[in-house]
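# Descriptive analysis of the structure
What follows is each chain in one-letter form.
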Amino acid sequence: GAAEVPHFIIVLDGVPFELVDEMYREGYFRAFYPPSRVICPFPGMTDTALSEVFHSDRCIANQALYFDRQANRLSDGNSVYLRGGNAPWAAKMTYRCSFWWDGLSYLDPQLVFDHEMNGIVETFRRVRSGEAGAYSIGSAALGIRYGRPAFLQFLRTIDRLCEQFIRERHGRVKITLLSDHGHCLVECTPISFDKVLAASGYRLAKSLRRPGDVVAIPYGLCTYAEFFTNDPAGVAACLTAHEDVEFACYVEKDDVVVRDREGEARIRKGKGGFTYDALRGDPLKLGDTIERLRRDGKVTAGGEIDPDALFAATLDAYYPDPLERIWHAFHGLVKLPPDVIVNLRDGSCFGSRFFYAMIGRIGSTHGSLERRNSTTFAMTMLGELPPAMRSREVMPAVERLRNGR
């Protein structure tokens, strides 16, 4: 019985669902029930996603480097990161290697991954009852450096690790595997917004002091970018001119506005769900899906779309569950949301030029609203999870199984 044996939770950073599903179909992870799809928040970042998974306090921002409007300055991103200041979920982990190892993980990811595997084994061997959780950043670092082959290699290692725990405990153990967000699984090249901003009279700055100042968050390397500005509409319109931007979104009164090069739509939250008013074009590619849901009675006369119906209908779409995820990005996901978020096409990334020079190649990364970036996994030995969940639904579902419900 699940209540009679230890329950180990292993959190792997940045694993796309499709690779785990592929391996499961090939015969790996057969101590587990089939993997479930998990749709992470937007932007798809570790701290926000795992704070949703483990229902911890809200993160300060999407990344450790953030802009504080009240102080009108950027944070010391490295200091915030190293002390775990933007990772409230980490307190729920029994094992998480020192944050100081994280920098090394991108220089020598295999060394850090091996260090973490040893740490997880040592930690779990001491646990005789109850629940214990462990997190690995080395998994994401391997994927970022080396792409799809590295994901498959470390997942095989995790499969063997789980089998080892089962043998050592003579079957008297339950294990849950999960991840925070997906990955694009294509090599990415860093881009710059300097020219497109300058062409419209804006300038990148470290604070908002003069008209036209724009503060960007160049930290890590991600398939999205965020900006702070006193002119969100103007900056969003400017950024959509960049060839690598799929869309830009920002808050305007009671709406979230989504713009691409051809059109504009507005998202509004109502009592019965979200509305999607496509004024020009269809930036989120939702027109056909909404028409099908309307025929099925899932859209009210006022245009409010049943959120669970939209979630199910868009699991395989280019942008899964886009309305709730974009709305949440500006309303409640973090304490200091950006003014403008841009979604980048796969193959492009934005962030720290120093980071890129340090590691030399981005074999895959994450953050955007696109399906691979957004879709990760959860699977457990406790029982069969729902086939698809939002990040916040994962642990309640696991706990129901653990408690025999």
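Predicted model only: the values in this text are computed from it and were never measured.

Right, let's talk about empty space enclosed by the protein for a bit. A complete count under the given rule lists one cavity of 30 Å³ or more for this structure. If you add up the space inside the largest cavity, you get close to 90 Å³. Taken together, I39, C40, P41, E52, D321, E324, R325, H328, R390, S391 and R392 make up the lining of the largest cavity. If you tally residues by element for the lining of the largest cavity, the top one is helix α12 (residues 322-330), at three residues.

This part covers the sheet that holds strand β19 (residues 375-380). Strand pairing in a sheet relies on backbone hydrogen bonds, with the paired strands running either antiparallel or parallel. Taken in spatial order, the seven strands of this open sheet run β5-β6-β1-β7-β19-β2-β20, and their pairing is mixed. With one partner strand each, in any of the chains shown, β5 (95-96) and β20 (388-390) form the two edges of the open sheet. Running at roughly 175 degrees to strand β6 (residues 131-136), helix α5 (residues 109-125) makes contact with β1 (7-12), β5 and β6 of the sheet.

Let us now look at the environment of T240. Locating T240 in the fold gives a position in the loop between α9 (232-239) and β13 (245-252). With relative accessibility at 6%, the residue T240 sits in the buried group. Sequence spacing of T240 and C59 is 181 residues, and the spatial spacing of their C-alpha atoms is 28 Å. Sequence-distant contacts of T240, that is, excluding residues within four places in its chain, are made with V245, A248, R259, D260 and R261.

Turning our attention to the layout of surface pockets. One number sums up the size of the largest pocket: a volume of about 910 Å³. If you list the elements that add at least two residues to the lining of the largest pocket, you get α2 (46-53), α3 (77-82), α4 (100-105), α6 (138-146), β11 (221-222) and α13 (353-359). Broken down by element, the residue count for the lining of the largest pocket peaks at four residues, all from α3. The residue inventory of the lining of the largest pocket, partitioned by class, reads 20 nonpolar, twelve polar and five charged. As a volume, the second largest pocket reaches approximately 280 Å³. Along its surface, the second largest pocket is lined by 16 residues, and L204, A216, P218, F350 and G351 are the ones closest to its centre. Mapped onto the lining of the second largest pocket, the elements with two or more residues apiece are β10 (213-216) and β18 (348-351).

Here the focus is the packing of aromatic side chains. Counted according to the given criterion, the structure contains 15 aromatic pairs. Arranged with centres 6.3 Å apart and planes meeting at 75 degrees, the rings of F29 and F32 form a pair that is edge-to-face. Exposure class is identical for F29 and F32. Each is buried. Through a chain of ring-to-ring contacts, three or more aromatic side chains come together here, namely F42, F247, Y318 and Y319. The ring of Y24 is capped by R30, whose NZ or CZ atom sits 4.4 Å from the centre of that ring.

Let us now look at the pairing of strand β12 (residues 224-229). With six of six residues buried, β12 is to be regarded as a mostly interior element. Burial along β12 is two-sided: Y224, E226 and F228 facing one way and A225, F227 and T229 facing the other are all buried. The pairing of β10 with β12 spans three bridges and is antiparallel. For A216, the partnering residue across the bridge sits in β12 and is F227. Sheet topology places β12 next to strand β17 (residues 340-344); four bridges connect them, and they run antiparallel.

Looking now at the pairing of strand β14 (residues 255-259). Among the five residues in β14, five count as buried, and that is most of the element. Burial of β14 is two-sided: the residues D255, V257 and R259 facing one way and the residues V256 and V258 facing the other way are all buried. The pairing of β13 with β14 spans five bridges and is classified as antiparallel. Bridge pairing links E252 to D255 in β14. Hairpin geometry of β13 and β14 is characterised by an intervening segment of two residues between the two adjacent antiparallel strands and by a positive phi of about 55 degrees at K253. In this structure, β14 lies alongside strand β15 (residues 264-270), joined through four bridges in antiparallel fashion. Within the sheet, the bridge partner assigned to V257 lies in β15 and is R266. In textbook terms, the turn of a hairpin is the stretch between consecutive antiparallel strands, and for β14 and β15 this stretch comprises four residues.

For the rest of this paragraph, the subject is the packing of α6 against helix α7 (residues 148-168). One way to put it is that α6 packs onto α7 with a least axis distance of 6 Å and a crossing angle of 150 degrees. Classified by the angle between their axes, α6 and α7 sit roughly antiparallel to one another. Mapping the contact onto sequence places S139, L142, G143 and Y146 in α6 and R148, P149, A150, F151 and F154 in α7. In terms of residue class, the contact of α6 with α7 is made up of six nonpolar, two polar and one charged.

About the criteria used
Residues numbered from 1 in each chain as written. Predicted model: local features only at pLDDT ≥ 70, side-chain atom pairs only at ≥ 80, totals over all residues. Heavy atoms only, no water. 1 Å grid on protein atoms, 1.4 Å probe; cavity = no way out; pocket = protein on both sides within 12 Å on 5 of 7 lines; lining within 4 Å. Points joined across faces, edges and corners; volume = space filled by probe spheres on them. Helix = DSSP H or I, 4+ residues; strand = E, 2+ residues; numbered from the N terminus. Pairing = 2+ DSSP bridges. Contact = heavy atoms within 4.5 Å. Axes fitted to C-alpha atoms, helices over the stretch in contact; angles between N-to-C directions. Buried < 20%, exposed > 50% of the residue type's maximum accessible area, 1.4 Å probe, protein only. Nonpolar A, V, L, I, M, F, W, Y, C, P; charged D, E, K, R; others polar. Phe/Tyr/Trp six-rings, centres within 6.5 Å; stacked < 30°, edge-to-face > 60°. Lys NZ or Arg CZ within 6 Å of the ring centre and 35° of its normal. Parallel < 35°, antiparallel > 145°, perpendicular 65-115°, else oblique.

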